[in-house]
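Report on the structure
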Amino acid sequence: MMDYQIISAASESVVDACNTLEERVKFSLSYGWKPQGGICITAFGSALYYVCQAMIKVSLEEKN
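Attention in this report is confined to the structure presented alongside it. Remember, it's a predicted structure, so these values are computed and weren't measured experimentally. (Residues numbered from 1 in each chain as written. Predicted model: local features only at pLDDT ≥ 70, side-chain atom pairs only at ≥ 80, totals over all residues. Heavy atoms only, no water.)

To continue, consider a nonpolar patch on the surface. Residues Val14, Val15, Ile39 and Ile41 make up a contiguous nonpolar surface patch of about 320 Å² in total accessible area. With respect to the helices and strands, the residue isoleucine 41 is situated in strand S2 (residues 34–44). Residue isoleucine 41 is classed as partly exposed on the basis of its relative accessible area, which comes to 44%. (Patch = residues over 30% accessible without salt bridge, like charges linked within 9 Å, V, L, I, M, F, W, Y side chains within 5 Å. Areas by Shrake-Rupley, 256 points an atom, 1.4 Å probe, with all protein chains shown as cover. Salt bridge = Lys/Arg side-chain N within 4 Å of Asp/Glu carboxyl O. Helix = DSSP H or I, 4+ residues; strand = E, 2+ residues; numbered from the N terminus. Buried < 20%, exposed > 50% of the residue type's maximum accessible area, 1.4 Å probe, protein only.)

Below you can see the structure in the form of structure tokens.
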């Protein structure tokens, strides 16, 4: 079985949003999650940036 999650972050600064996302992805990597594809960056006007990364985790049964 494969688990799937979306990790996200938002900020008024695209750099801050990406840095927060990077920290969250690294945390998930330490628990066996792996990125699936690239990141998505959405700008809501010039006031808010939203970034996200899809992550997957493959169960031991599926690896064998």
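The next subject is the sheet that holds strand S3 (residues 48–58). The strands that make up a sheet are held in pairs by hydrogen bonds between backbone atoms, and each pair lies either parallel or antiparallel. Pairing within the open sheet is antiparallel, and its 3 strands lie in the order S1-S3-S2. Both edges of this open sheet fall to strand S1 (2–11) and S2, since each of them pairs with a single strand only. Averaged over neighbouring strand pairs, the angle between their axes works out to 15 degrees when direction is ignored. Examined bridge by bridge, S2 and S3 share 8 bridges and lie antiparallel to one another. Bridging across to S3, proline 35 finds its partner in methionine 55. In this fold helix H1 (residues 14–29) packs onto S1, S2 and S3, with an angle of close to 155 degrees to the strand it touches most, S1. (Pairing = 2+ DSSP bridges. Axes fitted to C-alpha atoms, helices over the stretch in contact; angles between N-to-C directions. Contact = heavy atoms within 4.5 Å.)

Quick look at the pattern of salt bridges now. Tallied over the entire structure, the rule returns 1 salt bridge. The partner of lysine 26 in a salt bridge is glutamate 22, and the shortest N-O contact between them spans 3.1 Å. Taken together, the positions of lysine 26 and glutamate 22, both in helix H1 and 4 residues apart, correspond to about one turn of that helix. Judged by relative accessible area, which is 41%, glutamate 22 ranks as partly exposed.

Direction of pairing for S1 relative to S3: antiparallel, over a ladder of 10 bridges. The residue of S3 that forms the bridge with methionine 2 is valine 58. The antiparallel pairing of S2 with S3 creates a hairpin that spans 3 residues between the two strands, and glycine 45 there sits at a positive phi of about 65 degrees.

In this structure, Ile7, Ala9, Ala17, Leu21, Val25, Trp33, Val51 and Met55 together form the largest nonpolar core, which totals 8 residues. Elements that contribute at least two residues to this core include exactly S1, H1 and S3. (Core = buried A, V, L, I, M, F, W, Y, C linked by side-chain atoms within 4.5 Å.)

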